[in-house]
Amino acid sequence: MWWRWQQADGRLHAYDRTVTVPAPDRSFPALCGVQVTPADDDFHLGGWPRPTCWTCDREIRVREGFRPEQIPPLPGEDPSAPEGPDRARTRACPAPRRSGPRRPGPR
Ligand SMILES: [Zn+2]
């Protein structure tokens, strides 16, 4: 296989291992076309895996010559299509609530 998966910037992205060797704090071009930078934590297994980058997944399928029916639409690309296979949207963490220390109002 010419590709590998690597967690970076909160997603599981794929990269071309013939030209890329991921390292902590060193950015690399993911197959989806985004430049991502893995952190040290992204190299330790365990915990909850990051949601898959479906654009990277699609890029692998396209380059590998998958048949069209084996290449699902990207989440959000086709409103009638089900969510991504890993249900990334429903599995995503809720946005953090903005709740700082409350200051007393002016008197
Ligand atoms: Zn990606």
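What counts, and at which threshold
Residues numbered from 1 in each chain as written. Predicted model: local features only at pLDDT ≥ 70, side-chain atom pairs only at ≥ 80, totals over all residues. Helix = DSSP H or I, 4+ residues; strand = E, 2+ residues; numbered from the N terminus. Buried ≥ 20, exposed ≤ 12 C-beta atoms within 10 Å, placed from the backbone. Contact = placed C-beta atoms within 7 Å. Core = buried A, V, L, I, M, F, W, Y, C linked by C-beta atoms within 7 Å. Pairing = 2+ DSSP bridges. pLDDT = per-residue confidence, 0-100.

Novice: I'm lost on the overall build of the protein in this one. Help?
Specialist: Within the protein one finds two helices and four strands. Within the protein, the fraction of its 107 residues that count as buried is 18%. Within the protein, counting contacts between residues at least 6 apart in sequence, those at least 24 apart form 41% of the total.

Novice: When you look at the nonpolar core in this model, what are you seeing that I'm missing?
Specialist: When a protein is soluble and globular, its nonpolar side chains tend to lie buried together. Membership of the largest hydrophobic core is limited to 10 residues, which are Ala8, Leu12, Ala14, Tyr15, Ala30, Leu31, Val36, Cys53, Trp54 and Cys56. Of all the secondary structure elements, the ones that give two or more residues to this core are strand S2 (11-16) and helix H1 (54-63). Of the residues forming this core, the biggest block, three residues, is contributed by S2. Sequence-distant contacts of Tyr15, that is, excluding residues within four places in its chain, are made with Trp3, Arg4, Gln6, Thr20, Pro22, Phe28, Ala30 and Leu31.

Novice: It is not clear to me how the pairing of S2 should be interpreted in this structure. Could you clarify?
Specialist: The side chains of a regular strand alternate between both faces of the sheet. Most of S2 is tucked away: five of the six residues are buried. Connecting strand S1 (residues 3-8) to the antiparallel partner S2 that follows it, the hairpin turn spans two residues, and Asp9 within it adopts a positive phi of roughly 50 degrees.

Novice: Where do I start with unusual backbone geometry in this structure?
Specialist: Even without being glycine, Asp9 reaches a positive phi, approximately 50 degrees. Note on placement: Asp9 falls in the loop between S1 and S2. In this structure Asp9 comes out as partly exposed when scored by C-beta crowding, with 16 C-beta atoms within 10 Å.

Novice: Can you help me understand the confidence of the model for the protein in this one?
Specialist: Regions with low pLDDT should not have their predicted coordinates read in detail. Model confidence for the protein is summarised by a mean pLDDT of 82, while 72% of its residues fall at 70 or above. Predicted confidence for residues 87-98 stays below pLDDT 50, and this span has nine contacts to residues more than four positions away or in other chains.

Novice: Where do I start with the environment of Arg61 in this structure?
Specialist: Along the chain, Arg61 falls in helix H1. Residue Arg61 is classed as partly exposed on the basis of its 15 C-beta neighbours within 10 Å. Note: C-alpha distance between Arg61 and Ile71 (10 residues apart in sequence) is 6.4 Å. Filtering out sequence-adjacent residues up to four positions away, Arg61 remains in contact with Phe66, Gln70 and Ile71.

Novice: Quick question: what am I supposed to make of H1 here?
Specialist: Structural remark: α-helix, 3.6 residues per turn; residues separated by three or four positions point the same way. Within H1 the residues assigned to the buried category are Trp54, Cys56, Asp57 and Glu59. Buried-residue contacts for H1 involve S2. Of the residues flanking the end of H1, it is Gly65, one or two places downstream, whose phi is positive at about 75 degrees.

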